[in-house]
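As a plain string of letters, each chain reads:
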Amino acid sequence: MKLPKTYEPNEYEQDIYALWERSEAFSPSGKGESFSVVVPPPNANGNLHLGHALGLGIEDILARYRRLKGDRTLLVPGADHAGFETWVVYEKKLAAEGKSRFDFTREQLYEQVWNFVAENRQHFEEQFRQLGAGVDWRHFTFTLDEKIVRLAYSTFKKMWDEKLIYRGERLVNFCTFHGTSFADIEVVHKEEKGSLWYIRYPFTDNSGEVVVATTRPETMFGDTGVAVHPADPRYQNFIGKSVKLPLTGREVPIVADTFVDTKFGTGAVKLTPAHDPNDYEAAKRHDLPFITVVDHEGKMKNVPEKYRSLKVEAAREKVVADLTAQRFIVQTEELSHSVGHCYKCDTVIEPMLREQWFVDMRPLANKAIKALEAGEIAFYPNVKQGQLITYLKGLKDWNISRQIAWGIPIPAFQNVDDPDDWIYDERVSEEIITVEGKTYHRDPDVFDTWFSSSSWPWAVLDYPGSEDFKNFYPLSVMETGFDILMPWVSRMLMMGLYVTDRVPFEKVYLHGLIQDEHGQKMSKSKGNVIDPIAKVRQFGADAFRIGLISDESPGSNRPYDESKVVGGRNFCNKLWNIARYTEDLLDKNPIKEKHFNATTLADHWVLSKLQQSTDTVADSLDKYNFSEAYEAVRRFVWDDLADWYIEASKVQPNPALLRYILASVLKLAHPFAPFVTETIWQTLAIDQNSLLATSEWPEVSLPDRELAATFEEIRTIIFETRNLVNSLRLRQTKLHYIAPAFVTENSAIIERLTGVKTVTEVQTGAGLKLITTPYDCWLEVTPELLTNHANTLKEQRKAQVEVVDHLKSRLTNQGYTEKAPANIIEQTKVQLAQAESLLSTIDGEINRFAPKQVVNPDQPKSSPPNPPTTGQGSVKPPAPESGVSV
RNA sequence: GGGUGAUUAGCUCAGUUGGCUAGAGCGCCUCGUUUACACCGAGGAGGUCGGGGGUUCGAGCCCCUCAUCACCCACCA
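Definitions and cut-offs
Residues numbered from 1 in each chain as written. Chains lettered and ligands numbered in written order. Predicted model: local features only at pLDDT ≥ 70, side-chain atom pairs only at ≥ 80, totals over all residues. Heavy atoms only, no water. Helix = DSSP H or I, 4+ residues; strand = E, 2+ residues; numbered from the N terminus. Rg over C-alpha atoms; globule rule 2.2 N^0.38 Å. Buried < 20%, exposed > 50% of the residue type's maximum accessible area, 1.4 Å probe, protein only. Contact = heavy atoms within 4.5 Å. Areas by Shrake-Rupley, 256 points an atom, 1.4 Å probe, with all protein chains shown as cover. Salt bridge = Lys/Arg side-chain N within 4 Å of Asp/Glu carboxyl O. Core = buried A, V, L, I, M, F, W, Y, C linked by side-chain atoms within 4.5 Å. Near = heavy atom within 4 Å. Polar contact = N/O pair within 3.5 Å; in protein donor to acceptor, adjacent residues only side chain to side chain. Nonpolar A, V, L, I, M, F, W, Y, C, P; charged D, E, K, R; others polar. Pairing = 2+ DSSP bridges. Axes fitted to C-alpha atoms, helices over the stretch in contact; angles between N-to-C directions.

1. Considerations on the overall build of chain A
Broken down by element type, chain A carries 26 helices and 30 strands. What you see for chain A is a C-alpha radius of gyration of 38 Å, clearly larger than the 29 Å of a compact globule of 886 residues, by over 25%. The principal-axis extent of the C-alpha atoms belonging to chain A is close to 120 × 65 × 50 Å. Counting the 886 residues in chain A, one finds 54% classified as buried. Within chain A, contacts between residues at least 6 apart in sequence are counted, and of these 76% link residues at least 24 apart. Total accessible area computed for chain A in this model is approximately 39,200 Å², and 48% of it derives from carbon and sulfur atoms.

Below, the structure written as structure tokens:
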């Protein structure tokens with residue numbers, strides 16, 4: 001089958017992926033070590049975004065590389081029910097249909113969302129395939145699969161039994177729009193401008209007043225005290241007195257508490273324990289009551305008639321107006337302060353008293369900190385390890401209850417006759433159960449998604465007791481976005497240690513966010529979201545993957561750069577055309593066996609380059625340096641193979657070797673460009689009935705290093721010749737040389753690659769002498785050009801003198817010669833010798849043009865350093881004075 | 001308020017424990033229709049490594065300081 005001129009990814013990708021799936025290419029099969037990665041499950045409700053594409057790209061590169069290396073490799077795909085995230089999407093859908101969550105029962109809602117998600121699931125599985133992710137579909141797991149739920153329950157039960165789970169009325173972060181509470185980590189704090197009102201609170205004994213400062217005057221109906229610092233001299237006689245709250249006249253005490261900041265406001269703070277975390281803690285210390293004045297919809301309650309049912313904002317205005325009218329406001333000032341918001345709808349988070357399930361994080365966090373400090377997990381980038389430790393050290397108890405319908409129901413029931421009697425029971429499909437004659441009512445809440453997904457690494461491996469768990473746990477790498485280091489990675493670590501008693505992964509690789517072209521965060525509201533699938537269609541999956549990873553550096557954000565994707569496409573096309581050339585060559589020279597021999601200098605040279613590149617790619621991937629690894633592949637393919645070897649092989653073809661090189665390079669490139677490499681592999685039937693995806697990482701046969709080095713000499717001659725031909729606009733010029741046989745043997749290559757008309761051996765040279773090679777080569781030029789060239793030489797000389805002086809001064813520096821390591825000094829000496837040699841060559845040339853002018857008489861005549869030896873003829877070191885007059 | 005990272009060519013980024021004349025891709029300039037590829041080939045220009053100090057024989061890299069930009073964490077009324 002013939003390859004067309006240009007690679008058209010859309011024509012091959014689907015078939016190639018189907019071939020892989022059909023062949024079970026992604027089932028663990030190697031005999032080597034286990035290598036396991038679990039894809040962070042994307043939300044099943046939507047499409048993949050750029051972050052998924054980047055993450056999948058990285059994970060797939062690792063997995064494909066390891067598979068080629070012979071490891072027993074498992075890459076597990078999955079999908080997340082994404083509790084709250086999906087719930088938000090579904091509520092919007094309901095709203096669009098003119099309905100709301102209140103129109104349905106919890107069971108109905110759950111079923112509706114289930115179906116909604118089921119529809120979208122296929123969608124995104126298809127997108128995995130389009131991106132070329134080589135995942136093992138038989139291991140596909142959904143976060144609501146029975147095994148996941150069962151594990152969430154058993155973990156919950158274990159914590160319940162061990163008293164790590166408790167139920168209590170605590171101040172929680174509550175979104176009044178979505179009607180649910182959040183974990184601390186889910187609250188987005190924003191710096192906002194607000195007002196700070198100074199309000200008089202008169203003493204009940206009419207002996208004066210205390211002025212408090214607040215940003216939330218509407219909560220004063222819930223005040224149950226005023227606090228001052230015990231050491232504040234201004235307020236010593238206030239402590240113990242009572243004040244009369246404005247507007248209601250309710251009496252509350254003044255207490256002393258060290259949490260008060262004497263420098264803020266007036267140094268006296270009103271206490272609203274039911275709506276402020278600090279006040280909550282203070283009230284507990286002083287045994288003050290809690291009065292809730294904002295309900296779950298964000299409306300005022302337990303307040304005077306005229307404020308009742310007003311939204312918080314409206315109530316605030318009204319309260320301020322009334323306080324002003326009654327001259328309770330002393331002053332108002334502008335204030336910038338941090339306010340918590342719902343990360344989805346931006347509603348201001350209302351701290352609210354609610355009875356919920358909490359996890360006592362201290363013991364879990366301490367275990368994790370210990371493991372981290374012992375270095376049990378390697379982080380990319382490393383700095384994230386310390387950040388995670390800091391986070392864990394300050395971690396508070398975790399609220400795991402969510403008041404939404406979509407999620408895993410919490411398996412807990414409450415005695416209808418005794419609110420404090422809670423029991424664990426998994427019969428969550430029933431609203432009411434009877435146990436030992438008592439009636440229990442199901443907790444209507446569901447788990448925080450992160451609670452169940454924190455078991456992901458072992459849950460997908462069928463913990464406990466499965467072969468998979470034995471083979472693949474802990475995971476080799478956890479690859480995910482750095483934005484979920486705290487909410488997810490930290491929890492997997494804590495739960496992993498708690499449940500399995502081992503760290504759940506050996507390494508953590510965190511990729512950064514991809515922003516839009518202008519460095520702005522992508523978001524639907526800004527309308528700057530880039531659809532990865534559209535880009536795959538436009539450029540091909542390989543090109544897109546390369547575009548995303550060719551600038552990859554862990555942990556840092558970076559803008560989407562389409563020119564990189566174009567670069568990736570061009571790279572694929574380059575590979576494609578190398579394959580086409582190889583195909584043509586093999587058509588003309590049918591090779592029956594796989595056997596090949598390196599015969600020419602270029603053969604040996606390309607083998608040595610292949611060997612170096614293979615090592616570099618492997619080293620870089622082992623260090624998780626993806627951009628460097630790709631760069632090594634690209635350089636070999638483009639520079640070494642296409643621009644040099646293939647061009648040289650047009651003069652001296654070696655079809656069998658070229659086929660070997662192509663096969664090897666396809667393997668190196670496969671992790672980065674899986675589709676095009678497999679397409680070529682299949683089309684050319686490089687290895688009958690096999691898949692590239694499950695072939696073996698190349699083991700390069702050893703080249704002859706000396707012959708390879710001799711080809712470098714030819715390259716040096718070609719480089720300088722090209723430079724001169726270009727800058728002097730030489731046409732149809734001739735190259736003359738003296739002596740080395742390898743030039744004679746490769747004259748056709750030099751002609752082809754430089755465009756010179758002929759390459760001829762002469763007895764004495766004339767013309768423009770090449771200076772960067774130790775061999776005697778001249779370009780035939782007109783006398784005028786030669787004269788002009790003398791000026792160029794003088795400039796070159798000037799620059800070269802600087803280099804020589806620089807190196808000399810280093811070597812005459814006593815501090816340097818005494819303190820620098822011997823190998824560095826030796827290196828400098830070699831450099832100096834080379835620099836002086838080049839300088840003397842230049843001087844020799846200048847003397848040819850101006851023989852009377854003696855240049856630098858002190859300059860020692862040095863012979864060129866280490867002329868290469870070759871197996872293809874004798875080499876005489878050229879004498880620098882061998883220049884011939886014009 | 002606490003913490004972290006970044007600042008290198010016009011743009012996006014590399015630069016490993018301090019040691020060759022600081023690299024790549026894209027862009028730019030010049031030249032080129034050589035039958036694998038114009039999604040191409042050849043050549044070239046372009047950087048006082050954010051500013052200022054310091055340590056060192058030697059600093060893009062280490063220390064101090066300033067500036068700017070990101071990000072993370074946090075219950076300051």
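Additional details are given in the paragraphs that follow.
2. Some words on the pattern of salt bridges
Across all of its chains, the model carries 46 salt bridges by this definition. When the shortest N-O distance is used, the salt bridge between Glu-712 and Arg-715 registers 3.2 Å. Here Glu-712 pairs with Arg-715, and both are found in helix H21 (residues 705-727), just three residues apart, close to one helical turn. On the basis of relative accessibility, which here comes to 10%, the residue Arg-715 falls in the buried class. Here the salt bridges do not stand alone but share partners, grouping Arg-216, Glu-218, Arg-316 and Glu-350 into one network.

3. Let's talk about the nonpolar core
The biggest cluster of nonpolar side chains holds 217 residues, and the ones touching the most others in it are Phe-156, Leu-392 and Phe-672. In terms of residue count, helix H18 (residues 626-649) provides more of this core than any other element does, 13 residues in total. Excluding its chain neighbours within four sequence positions, the residues that come into contact with Phe-672 are Ile-61, Asp-542, Arg-545, Ile-546, Ile-549, Val-617, Leu-621, Phe-626, Ala-629, Tyr-630 and Val-633. Counting residues in each nonpolar core, the second largest holds 31 residues, with Tyr-201, Phe-221, Val-294 and Ile-329 among its members.

4. A look at the protein's contact with RNA strand B
Around RNA strand B, the structure places 61 residues, and the nearest of them are Phe-264, Asn-278, Asn-577, Trp-638 and Lys-819. When the atoms of RNA strand B within 4 Å of the protein are grouped by moiety, sugar and phosphate amount to 63% of the total. Glu-631 places a polar side-chain atom, nitrogen or oxygen, 3.0 Å from a sugar or linking oxygen of RNA strand B. In terms of residue count, the dominant contributor to the surface near RNA strand B is helix H16 (residues 562-588) (ten residues). A per-class count over the surface near RNA strand B returns 20 nonpolar, 20 polar and 21 charged.

5. Re the sheet that holds strand E10 (residues 242-244)
The mixed open sheet is built from four strands, whose spatial order is E10-E11-E9-E12. Bordering the open sheet on either side are E10 and strand E12 (268-271), each of which pairs with just one other strand. Taking each pair of neighbouring strands and ignoring which way they run, the sheet shows an average axis angle of 30°. Where E10 and strand E11 (residues 251-256) come together, three bridges link them in antiparallel fashion. Across the sheet, residue Lys-244 finds its bridge partner in E11, namely Glu-251.

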